[in-house]
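What follows is the residue order along each chain.
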Amino acid sequence: GKIQNEGIESVIGITPVQRANLQWVMRTTYTRYTSKVLDLAGLPPFRPPLSGFGGLGVTFIEVGKPLTQLIGHAFDANGDPTATNVQIGNTAPDYRMGLVNDVTYKNFSLNVVLDYQHGGDIINLTQFLYDDSGLSADYGSPEWTYRMTGYNNGVMTPYIEDASFLKLREVSISTQVP
């Protein structure tokens, strides 16, 4: 089979402040990755072994689609479940960025690392399990009813969520001793 992979990765670093006793260095990374299945060498589309959890949305390898697509049943325009599986998400983010700041003042250093991801989809298995057990915080609400209508009809799109995040990965303070 043939797969088209495209990726961009860049690293930029600057030093906004550089003095005798004070230095601030910033570095950022940007990463973007996309894929598209071009050919399966005559094989039919398939679900990789152990991908996903049954009807909760699984990866599916198919010509013309990304390797990271999630398929499952969805609601159609009339609010009815689709007869077949359709693409309900894509686990690959649109892009990821990292930001590292190093500030040094005399013998003291502060390091802060941030991670940011924009886009991508995840399956909220925690919400699904709370709904399944009847322990949801919003039990009985219209949102809960919508999720349970999907659940009872094999539609998992109410559990597919945006995977964007900003995370403080690391903070460290250090000092140099003679």
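Located above this text is the structure these notes cover.
What comes next is a walk through the structure. Note that this is a predicted model, so its numbers are computed, not measured.

Another point: the sheet that holds strand E5 (residues 86-90). Pairing within the open sheet is antiparallel, and its three strands lie in the order E3-E4-E5. Among the strands making up the open sheet, the edge pair consists of strand E3 (58-59) and E5. Pairing of strand E4 (residues 69-72) with E5 involves four bridges; the strand directions are antiparallel. Across the sheet, Gly72 pairs through a bridge with Val86, a residue of E5.

The strand order across the open sheet formed by five strands is E1-E2-E6-E7-E10, and the pairing between neighbours is antiparallel. What marks the edges here is a single partner per strand, and that holds for strand E1 (2-18) and strand E10 (165-175). Taking each pair of neighbouring strands and ignoring which way they run, the sheet shows an average axis angle of 10 degrees. One ladder, built from ten bridges, connects strand E2 (residues 22-39) with strand E6 (residues 95-105); its direction is antiparallel. Its bridge partner lying in E6, Arg27 is registered against Val100.

This paragraph deals with the packing of aromatic side chains. Per the stated rule, a full pass over the model turns up six aromatic pairs. Taken together through their ring pairs, the aromatic side chains of Tyr30, Tyr95 and Tyr116 make up a single cluster.

Counting residues in each nonpolar core, the largest one holds six residues, listed as Leu56, Phe128, Trp144, Met148, Met156 and Tyr159. Residues within four places of Phe128 in sequence aside, it is in contact with Leu56, Tyr151, Met156 and Tyr159.

This part takes up the environment of Leu56. When you line up the elements, Leu56 lands in the loop between E2 and E3. Leu56 sits in the buried class, given a relative accessible area of 8%. In contact with Leu56, not counting residues within four places along its chain, are Ile123, Leu125, Phe128, Met156 and Ile160.

About the thresholds
- Residues numbered from 1 in each chain as written.
- Predicted model: local features only at pLDDT ≥ 70, side-chain atom pairs only at ≥ 80, totals over all residues.
- Heavy atoms only, no water.
- Pairing = 2+ DSSP bridges.
- Helix = DSSP H or I, 4+ residues; strand = E, 2+ residues; numbered from the N terminus.
- Axes fitted to C-alpha atoms, helices over the stretch in contact; angles between N-to-C directions.
- Phe/Tyr/Trp six-rings, centres within 6.5 Å; stacked < 30°, edge-to-face > 60°.
- Core = buried A, V, L, I, M, F, W, Y, C linked by side-chain atoms within 4.5 Å.
- Buried < 20%, exposed > 50% of the residue type's maximum accessible area, 1.4 Å probe, protein only.
- Contact = heavy atoms within 4.5 Å.

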